[in-house]
Amino acid sequence: MSIESVNITKEYERRGKTFRAVDDVSISIPRGKITVVTGNSGSGKSTLLNILAGMIVPENGTVHIDDVELPCLKNKERDKIRGEKIGIVPQVQSLIGGLTVRENIKLQQSFSGGAADEERLAFYIKDLGIEDLMDVFPSSLSGGEMKRAAVVRAISGDHDYIFADEPTGELDPENASRIMDAFRKQADEGKGILLITHDSHVEERADILYRMENGHLTEEKVG
Amino acid sequence: MKIREVALKKLIYGSIGGSAVFLFALLLSFTVFAGRILDTSLTRGLGNLRERLGADIAVVPKGSETGYQGILLSGEPVECSMDRSLEDELRSMDGIEEVTPVIYLASLNASCCSVPIQIIGYDPETDFVTSPWISEDYSLQLGNGDLIAGANIALDGNNTLTFFGRTYDVKARLNRTGTGMDKSVYVTFDVMEQMIADAREKGIEFGDGSDAGITDRYVSAFLIRVEDGADADVIAGRISRNSLVSVVQSKNMISSVTDGIGIISKILTIITWIMEIIVTLVTAILSVFRVNARRKEWAVLRMMGASESWILRLILLENIIMSCAGAVLGIILASLAVFPFSVNVADAIGLPYYGPGLPGIIKVSLLSILITLISGALPGIIAGAKAGKTDCYVLMRDGEN
């Protein structure tokens, strides 16, 4: 079981010119592995993540989540599949303001239609050091705390896949390592992990590593 | 986590512009509630006036028409007298079914009188106007020396009223009508005879200033009921030939009051509609502003698996909660502004004013809430639909492609 994309292409208009962010890309995100896509800024990594998560529909090509072909689905069905199958940690601060960390997690679980085993979730909460932050509003959290809370939120829905865009960005080495450990444990539990990053430490922990340049993807390492 | 929990939490801890929606909802609700209560009260006052007028025509001394209308509409005290000999002439006219004399005497704003009000004397033998609704409220007939007070008359501590230095027991108090009748006291002619004599000692002249039997010779007005099928206009015209009297037709007075209330009602309706439109537009602008300010939030929610309809429902619910809270507070504030000062409002308007009972207030409250909710919900639906369409791509704007 995996997420597969075949020959996907996505173009944008930028300053009146057409810009191809993702160009004929095929990729597989298997369960039980950490897949890392690295590349320079503007290379199309985040667009690729959004296409694979069904948040953007490609102009060409197709994406399968397990046996379901995403581009053929209606928006509502894609939202449902995403909520159930993929936990996402975006690059930017993504905790919902006005809701505590605990409520953010509960909200994610209500979209997921299921929840991670409580004992396992408690383990991740402790492991990522946010047990004292569960009843705190995002506005009172530091950037690193928010990122760790967002990771726990993504894990909390018991999704089959976890996608993270620059998960270790702006984090100190210790916290970056804690997050990577959490992803490794998730992969060991059978989840498919996709990480988009600039961070060489993340690249080192990849099972499968891709490099993206000008919308093209090349495979560099298969573990 | 239920959507209503999210909406409430967002409004309490993370709202952008929610308090403005609340404030405008409050303003609309206040306007609708106060306006409808005023309108309903005037309409009910008119109904009571129409119901209790009793007579088709009033014959008053020349120049006293406005004073007579003031007694009925706002209870403004007046005093007038004319020769009672006209009574027989009126009784003999074709088309007239009943005639009864009344006497209007104004009490003084002085230590000899409890309150400066209108005292209305009626003749129990011929009366067809006052007695029916007194007996409607009380199963009693006024006897010698009895006095009945309107609903707005403040009685002395021991249920008495003093007029021109003499104290009277108040036998009963009438139900509120919202008309000038609430500010009057009612006495039979024999009591009125005594009052006129006492008033004379205080310097108030009624009739020719003679003593006993004054009510046999002088009255303030004749109230007339015309026969079925008779033309009141023709009869009024015939009476008007007497140069010493003026004629007030009830239908004309009612019509003029109805017109006055109609104008006020139209103004209130226009104000309500203007407020409705303004508040709906402002709420729409605020909602669009709030939606734009929270674009990243919608994108995150979409990313987490929220559907377009979920986001629409969230924004709609937020608007409904704020509108509902604003509406309820608006009703409470309007109640505090309208009900304690209803007597002052009635005095200022100079028209019959009879506030609605609890069922009426509940009805007006529900209407105010409904109208306020509509003006909050419609922009909520539009803004919610816009928010639901937010592309998750917004999330990448801070990052790269």
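Refer to the structure above for everything that follows.
Here goes a summary of the coordinates provided.

What counts, and at which threshold
- Residues numbered from 1 in each chain as written.
- Chains lettered and ligands numbered in written order.
- Predicted model: local features only at pLDDT ≥ 70, side-chain atom pairs only at ≥ 80, totals over all residues.
- Helix = DSSP H or I, 4+ residues; strand = E, 2+ residues; numbered from the N terminus.
- Rg over C-alpha atoms; globule rule 2.2 N^0.38 Å.
- Buried ≥ 20, exposed ≤ 12 C-beta atoms within 10 Å, placed from the backbone.
- Contact = placed C-beta atoms within 7 Å.
- Core = buried A, V, L, I, M, F, W, Y, C linked by C-beta atoms within 7 Å.
- Pairing = 2+ DSSP bridges.
- Nonpolar A, V, L, I, M, F, W, Y, C, P; charged D, E, K, R; others polar.
- Axes fitted to C-alpha atoms, helices over the stretch in contact; angles between N-to-C directions.
- Expected span 1.5 Å × (residues − 1).

Concerning the overall build of chain A
The secondary structure content of chain A amounts to seven helices and 10 strands. Over its C-alpha atoms chain A spans a radius of gyration of 17 Å, differing by no more than 12% from the 17 Å that the globule rule assigns to 223 residues. Summarising its shape, the C-alpha atoms of chain A cover approximately 45 × 40 × 35 Å along the three principal directions. Counting over 223 residues, chain A shows a buried share of 50%. Taking all contacts inside chain A whose residues are at least 6 apart in sequence as the whole, residues at least 24 apart take part in 71%.

Concerning the nonpolar core
Formed by 105 residues in total, the largest nonpolar core has its most connected members in Leu52(A), Val151(A), Val152(A), Phe163(A), Phe183(A), Leu195(A) and Ile311(B). In terms of residues, this core owes the most to one element, helix α11 (residues 308-338) of chain B, which gives 12 residues. Counting residues in each nonpolar core, the second largest holds 67 residues, with Ile117(B), Leu147(B), Ala221(B) and Ala232(B) among its members.

With respect to the sheet that holds strand β2 (residues 17-30) of chain A
Residue and element names in this part refer to chain A. With antiparallel pairing, the four strands of this open sheet are ordered in space as β2-β1-β4-β5. The sheet terminates laterally at β2 and β5 (68-69), the two strands that pair on one side only. Sheet topology places strand β4 (residues 60-65) next to β5; two bridges connect them, and they run antiparallel. In the strand pairing of β5, His-64 is matched with Glu-69.

Some remarks on the interface of chain B and chain A
Listed per partner, the contact involves 23 residues of chain B and 35 residues of chain A. The element best represented in the side of chain B that touches chain A is helix α10 (residues 295-304) of chain B, accounting for five residues. Of the residues assigned to the side of chain B that touches chain A, the class counts are 11 nonpolar, five polar and seven charged.

With respect to helix α3 (residues 65-73) of chain B
Within α3(B), the full set of buried residues consists of Gly67(B), Tyr68(B), Gln69(B), Ile71(B), Leu72(B) and Leu73(B). Looking at the residues trailing α3(B), positive phi occurs at Gly75(B), about 75°.

A closer look at the sheet that holds strand β8 (residues 184-188) of chain B
Residues and elements named next belong to chain B. Taken together, nine strands build an open sheet; the order of strands is β6-β7-β5-β8-β4-β3-β10-β1-β11 and the sheet is mixed. Looking along the sheet, the strands with just one partner apiece sit at the ends: β6 (160-163) and β11 (245-249). Across this sheet, the average inter-strand angle for adjacent strands is 35°, counted without regard to direction. Against the sheet, helix α8 (residues 232-240) makes contact with β1 (57-61), β3 (96-106), β10 (221-226) and β11, and its axis sits at roughly 165° relative to β11, the strand it touches most.

Description of the environment of Gly144(A)
Residue and element names in this part refer to chain A. Topologically, Gly-144 is positioned in helix α5 (residues 143-156). You can call Gly-144 partly exposed: it has 18 C-beta atoms within 10 Å. C-alpha separation for the pair Gly-144 and Asp-79, spaced 65 residues apart in sequence, amounts to 28 Å. In contact with Gly-144, not counting residues within four places along its chain, are Glu-170, Leu-171, Asp-172 and Asn-175.

What to know about helix α3 (residues 101-112) of chain A
Relative to the 16 Å expected for 12 residues at 1.5 Å per residue, α3(A) spans 17 Å between its end C-alpha atoms, a close match to the ideal helical length. Here α3(A) lies mainly inside the structure; 10 of its 12 residues are buried. Within α3(A), the full set of buried residues consists of Val101(A), Glu103(A), Asn104(A), Ile105(A), Leu107(A), Gln108(A), Gln109(A), Ser110(A), Phe111(A) and Ser112(A). Each element contacted by the buried residues of α3(A) is listed here: α2 (75-85) and α5 of chain A together with α1 (3-13) and α10 of chain B. Following α3(A) by one or two positions, Gly113(A) has its phi on the positive side, about 75°.

Structural notes on the pairing of β4(A)
Residue and element names in this part refer to chain A. Here strand β1 (residues 2-14) runs beside β4; their pairing, made up of five bridges, is antiparallel. Residue pairing for β4: Val-6 is matched across the bridge by Thr-62. Counting the residues in the hairpin turn of β4 and β5 gives two residues, including Asp-66, whose phi is positive at 50°.

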